Amino acid sequence: MKLTDDQIRDGMSRLTDWHWDPDQPDIHRTVRLPDFVAAMELVNSIAQAAEQVGHHPDIDIRYNKVRLSLCTHAVGAITENDMSLAARIDELIA
């Protein structure tokens, strides 16, 4: 179910370095890593976590930068699944 703006703001307060534009249907975060290999290792760990919950981020890799975007495409909005996966990704990055 689509989250309200207040629910999204509340969820964002518990996340690290994620951004949200109320005019866009996603939350996103960019992570800078030491090099390409480290970026790929992070992406692989995120892929495993995403597979476990059946919810997948959009991922853009640019050498040592990984941009992650979460949106529940079936709803066209941010849902609790997005917030939960963002929190799990924060754990993997930490």
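What counts and how
- Residues numbered from 1 in each chain as written.
- Predicted model: local features only at pLDDT ≥ 70, side-chain atom pairs only at ≥ 80, totals over all residues.
- Heavy atoms only, no water.
- Helix = DSSP H or I, 4+ residues; strand = E, 2+ residues; numbered from the N terminus.
- Buried < 20%, exposed > 50% of the residue type's maximum accessible area, 1.4 Å probe, protein only.
- Polar contact = N/O pair within 3.5 Å; in protein donor to acceptor, adjacent residues only side chain to side chain.
- Contact = heavy atoms within 4.5 Å.
- Pairing = 2+ DSSP bridges.

K.L.:
I would appreciate a short explanation of the side chain of Arg29 in the present structure.
P.N.:
With respect to the element layout, Arg29 can be found in strand S2 (residues 27–32). A residue is classified by how much of its surface remains accessible, and Arg29, at 7% relative accessible area, is buried. Within the local environment of Arg29, its side chain forms a polar contact with the backbone oxygen of Thr16, the two atoms lying 3.1 Å apart. Within the structure, Arg29 has its side chain in polar contact with the side chain of Asp90 (distance 2.5 Å). Ignoring anything within four residues of it in the chain, the contact list for Arg29 reads Thr16, Asp17, Trp18, Val66, Arg67, Leu68, Asp90 and Ile93.

K.L.:
Explain the pairing of strand S3 (residues 58–62) here, please?
P.N.:
For a regular strand, the rule is simple: side chains alternate between the two faces of the sheet. With 5 bridges joining them, S3 and strand S4 (residues 65–70) adopt antiparallel strand pairing. By the bridge assignment for S4, Asp58 is matched with Ser69. Taking the residues that link successive antiparallel strands as the turn, the S3-S4 hairpin has 2 residues, and the phi of Tyr63 there is positive, at about 55°.

The values are spatial; any link to function lies outside them.
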